[in-house]
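Descriptive structure summary
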Amino acid sequence: MAETAAGVAEAAPDTDVLDTIQQRVLWLATRIVDAANHDRDTGDGVKVGGHQASSASLVTIMTALYFAYLDAPDKVSVKPHASPAFHAIQYLLGNLDRRYLPMLRAFGGLQSYPSRTKDPDPVDFSTGSVGLGAAAPLFAAVTRRYVDAHFGARPHSRFVALIGDAELDEGNIWEAVSDPATDGLGNVMWIVDVNRQSLDRVVPGSRIAQWEQQFTGAGWQVVEAKYGHRLQAAFAREGGHALRGWIDQMPNEHYQSLFGLPPQAVRDRFLDGAPDEVRRFCAAIADADLAGLVTDLAGHDFRSLLDAFGECDRDKVRPGVVFAYTVKGWGLPLAGNPRNHSALVTTAQVDELRERLGLTLATEWDRLDPMTAAGQWVAARREHLARAPRGHPPALAVPDSTGLRAGRGMSTQEALGRILVGLSRDEAVAPFLVTAAPDVATSTNLAGFINRMGVFSPAARRSWSEDAALKWSEGPEGQHIELGISEMNLFLLLGQLGLSWDLSDQPLLPVGTVYDPFVLRGLDAFVYSVYSGARFVVAGTPSGVSLAPEGGAHQSTITASVGLELPGVTFIEPAYAAALDWLLCGALQSIAAADAAPPGTTPAEQGSYYFRLSTRGIDQDPFARARDRLGDAILRRQVLAGAYPLVDAAGAAAQGAPAVYLAGSGAVLPEVLAAAAELTDEGIAAHVIDVTSADRLYRAWQRTLRQGVRTATTPSVPGALRSVFGSRAPVVTVHDAASHTLSWLGSALGVPAVSLGVDAFGQSGTVGDLYRAHDLDAGSIVNAALAALSLREP
Ligand SMILES: Cc1ncc(C[n+]2csc(CCOP(=O)(O)OP(=O)(O)O)c2C)c(N)n1
Ligand SMILES: [Mg+2]
């Protein structure tokens with residue numbers, strides 16, 4: 001053993017030492033789950049759960065990684081059900097306080113699945129929804145390649161994913177692998193935990209061969225870590241090739257059935273249907289050895305694993321995938337049992353394991369003794385893996401607006417394109433902007449930005465297009481990342497771009513565009529990314545039935561509710577271009593501020609921003625009039641807070657006219673204004689409120705309610721609502737989205753409310769046709785206002 005800890009880490013790892021460490025990892029991972037289920041009185045009778053078998057399956061691989069392979073800048077995603085093994089390792093490395101060990105799945109304790117935002121130890125990638133956490137490191141590597149190309153090389157990181165074999169069933173895996181944007185990332189290594197078991201069943205063997213071909217076809221290096229050293233030695237002996245042939249062709253279901261059998265039964269089962277040559281070969285092997293030999297898999301063999309990792313490393317061009325064959329439940333009595341996914345080892349079996357490892361109730365949670373070789377190795381690795389403290393990010397000076405001058409009939413989608421062009425001219429902001437789209441960059445108005453900033457490609461590529469309207473110039477300076485049609489990939493990429501400060505030491509301002517209905521196609525990745533703490537802007541455009549001729553398959557209705565309800569996302573739906581300018585700049589300001597916030601402080605608003613936009617050009621004059629009336633300072637503040645009075649009917653109301661609020665959001669505002677004009681003609685004081693962010697209004701309302709609930713005091717109407725809904729009058733909500741999204745306003749204001757919106761699938765037609773079909777035309781809004789007035793208490 002070398003003298004200094006660092007010196008030890010440079011030396012080749014000793015497999016006996018690694019074995020001692022992995023036994024402790026196995027013990028701690030098993031006991032962490034056991035304690036969660038047996039040591040804590042939850043008082044509610046609900047099973048706590050946890051995954052001992054899935055953790056055990058990865059114990060050797062994770063020990064090899066953390067204690068013999070990784071360097072400090074490397075980033076790792078751990079399959080969800082191995083979180084106990086991850087926490088065990090972090091504890092041994094000194095990154096997790098001992099008091100957390102009995103707190104798996106407890107409130108304030110260790111999360112069931114690795115969580116960047118909730119776990120107390122350093123989790124690089126959240127996982128849980130299978131497939132997503134697996135693909136995340138690939139997009140983190142895309143982000144790092146982008147950062148290195150634009151801002152200079154960071155310390156080299158390898159991006160590693162530990163993936164359950166059944167995770168490869170998820171389509172998002174293959175969307176990620178086959179997108180050209182993820183090509184050529186030699187610093188990516190995926191390790192597939194081939195335990196041949198999913199939750200319910202044994203994974204058919206044919207799947208694995210097919211998956212390997214798919215990776216190869218996508219330009220990946222495929223490395224198999226299948227047979228351990230003992231089996232390899234047996235294969236090399238005379239007659240051994242027959243043994244190999246027999247195991248290779250054996251269906252997974254047959255192989256899996258060997259686990260848990262008594263020794264003689266293993267022989268009978270293993271040789272069931274075997275050729276004579278194999279029978280003869282095995283006859284020379286004692287019963288007691290045969291089971292161990294035929295289940296000697298490389299995923300539990302340090303030398304094979306480290307060789308496989310090294311092979312991936314040597315290929316600097318292709319991403320690598322190691323198919324590491326393992327045993328689910330390795331080292332535990334439930335090893336290989338088809339029903340072991342959620343099974344727990346018994347208390348007696350835990351006692352037995354504790355005793356086998358020489359631990360007692362007094363020492364069971366101890367770290368490895370620092371006086372032993374294993375303890376010293378762990379200390380050395382702790383030093384080796386210690387991450388340098390991070391500096392402070394540069395402050396990004398995002399302006400309050402780009403000063404967009406809107407023509408008379410501009411859509412919010414067109415305004416988005418122009419605002420981004422405006423920002424691309426701002427030298428303080430432009431370098432940090434990066435846009436992304438899943439094959440809809442031009443149809444979502446990113447062409448102007450792309451013409452100025454170019455498309456990112458690791459190497460310059462010759463352009464064969466002479467299209468003056470769209471210069472598709474590709475090279476390492478480009479600031480737009482184009483993806484194939486995969487909304488999953490868009491949200492995974494945005495998520496990683498939005499964590500670039502955390503994972504690549506470089507703040508970015510990511511802006512993605514997607515057709516709004518297809519936000520739902522990427523929704524789980526959207527949720528995943530914001531759950532991970534990512535900060536980005538996404539524009540869902542076009543949206544709603546105002547995309548009239550495109551028909552029902554392209555019209556979105558429930559996306560506004562998604563935006564409103566999704567935590568970590570601020571949902572914004574402006575109608576006017578200048579409002580969008582303020583709101584988009586404000587969103588980018590918040591993203592920059594969140595990166596720069598000193599540790600321990602909470603920025604005013606955290607997370608990501610979802611803009612729901614439209615291609616419907618609308619007259620901008622009403623906004624200009626509100627601007628003249630209110631002045632920029634007040635109007636901007638109200639626009640940012642979520643609503644402002646577009647038409648103020650206070651004069652008519654003061655003269656005794658019955659008052660009504662028409663609260664509209666987004667592209668339907670022209671109909672709302674027309675209805676207000678009709679109502680005014682009929683002697684009704686019709687205020688028009690443009691709701692720019694139902695989300696911010698709702699949150700303000702909920703904040704005051706919650707405060708009232710928690711302090712048992714009467715909640716007040718929040719300022720954001722009070723300042724625009726100045727009097728108690730009935731309200732009509734109007735939205736080119738599900739009527740439900742704004743229907744809470746009546747309750748918030750304590751007034752009768754009628755909510756109009758799109759509550760059925762759409763179809764092709766004109767905007768007029770569809771607004772009539774969904775009662776969003778001016779006449780319907782007038783009738784709704786009359787209905788709301790009639791609902792007043794006498
Ligand atoms: C998207 C999603 N669908 C379903 C589940 C429920 N689930 C959890 S684990 C699992 C099987 C995973 O099998 P595998 O990836 O092979 O993991 P291991 O065998 O290592 O436990 C399933 C279906 C989930 N977590 N996420
Ligand atoms: Mg599995």
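Preceding this section is the structure that the text describes.
Throughout this description, residue numbers start from 1 for each chain and increase along the sequence as written. Here every chain gets a letter starting at A, and every ligand a number starting at 1, in the order they are written. Given that the model is predicted, a residue must reach a pLDDT of at least 70 before its local features are reported, and side-chain atom pairs must reach 80 or more before they are shown or counted; all residues, however, enter totals for whole chains, interfaces and linings. Side-chain figures throughout are based on the complete set of non-hydrogen atoms in the structure, without hydrogens or water.

1. Examining the overall build of the protein
Secondary structure is summarised from DSSP: a helix means a run of H or I of at least four residues, a strand means a run of E of at least two, and numbering begins at the N terminus for each. Each helix and strand in the protein was counted, giving 32 helices and 20 strands. Here the globule rule reads 2.2 Å times residues to the power 0.38, and the radius of gyration is calculated from C-alpha atoms. By the compact-globule yardstick of 28 Å for 794 residues, the protein fits well, its C-alpha radius of gyration being 30 Å. Along the three orthogonal principal directions, the C-alpha set of the protein runs to about 105 × 65 × 55 Å. Residue pairs at least 24 apart in sequence account for 77% of intrachain contacts in the protein once pairs closer than 6 positions are excluded. In this description, contact between two residues means that some pair of their heavy atoms is separated by no more than 4.5 Å.

2. Quick look at the sheet that holds strand E18 (residues 685-691)
When DSSP finds at least two bridges between two strands, those strands are taken to pair. What the five strands build is an open sheet, ordered E16-E18-E17-E19-E20; its pairing is mixed. Looking at which strands have only one partner, the edges of the open sheet turn out to be strand E16 (643-647) and strand E20 (753-756). Looking at each pair of strands side by side, their axes are set apart by 25° on average, direction ignored. In terms of strand pairing, strand E17 (residues 659-665) meets strand E19 (residues 731-735) through five bridges, oriented parallel. The residue bridging Ala663 from the neighbouring strand is Thr733, located in E19. Fitting a line to C-alpha atoms yields each axis, with helices limited to the stretch in contact; the angle taken between N-to-C directions then spans 0 to 180 degrees.

3. Looking at the coordination of the magnesium ion (ligand 2)
Ideal values for angles at a metal depend on the geometry: 109.5 degrees with four tetrahedral donors, 90 or 180 degrees with six octahedral donors. Coordination partners: N, O, S within 2.8 Å of the metal, 3.2 Å for Na, K and Ca; water not considered, so apparent gaps in a site are possible. Coordination of the magnesium ion (ligand 2) by the protein is provided by Asp165 (OD), Asn195 (OD1) and Gln197 (O), with metal-donor distances spanning 2.0 to 2.2 Å. Expressed as a motif, the donor residue spacing for the magnesium ion (ligand 2) is D-x29-N-x1-Q. Note that Asp165 is positioned in the loop between strand E2 (159-164) and helix H6 (171-178) and Gln197 in the loop between strand E3 (188-194) and helix H7 (205-217), a separation of 32 residues in sequence. For the pair formed by Asp165 and Gln197, the shared burial category is buried. Only protein chains enter the area calculation, which uses a 1.4 Å probe; residues under 20% of their type maximum are buried, those over 50% are exposed, and those in between are partly exposed.

4. Some thoughts on the site of ligand 1
Each residue is tested against the molecule or strand, and it is near if at least one of its non-hydrogen atoms lies within 4 Å. What surrounds ligand 1 is a group of 18 residues, the closest being Ser54, Lys79, Asp165, Gln197 and Lys328. One of the side-chain nitrogen or oxygen atoms of Lys79 is found 2.4 Å away from an oxygen atom of ligand 1. By the criterion applied in these results, polar contacts are pairs of N or O atoms within 3.5 Å in which, for protein atoms, one can donate a hydrogen and the other can accept it, and in which residues neighboring in sequence qualify only through two side-chain atoms. Glu167 has a polar backbone atom sitting 3.4 Å from an oxygen atom of ligand 1. Across the shell around ligand 1, the residue classes tally to three nonpolar, nine polar and six charged. Three residue categories are used. Nonpolar comprises Ala, Val, Leu, Ile, Met, Phe, Trp, Tyr, Cys and Pro, charged comprises Asp, Glu, Lys and Arg, and polar comprises the others, including Gly.

5. Quick look at the pattern of salt bridges
A pair is scored as a salt bridge if a Lys or Arg side-chain nitrogen falls within 4 Å of a carboxyl oxygen belonging to Asp or Glu. The full count for this structure, using the stated rule, is 30 salt bridges. A salt bridge links Arg418 to Glu414, with the shortest nitrogen-to-oxygen separation between them at 2.9 Å. Taken together, the residues span about one helical turn, with Arg418 and Glu414 both in helix H17 (residues 412-424) at a distance of four residues. Here Arg418 falls in the partly exposed class, since its relative accessible area comes to 42%.

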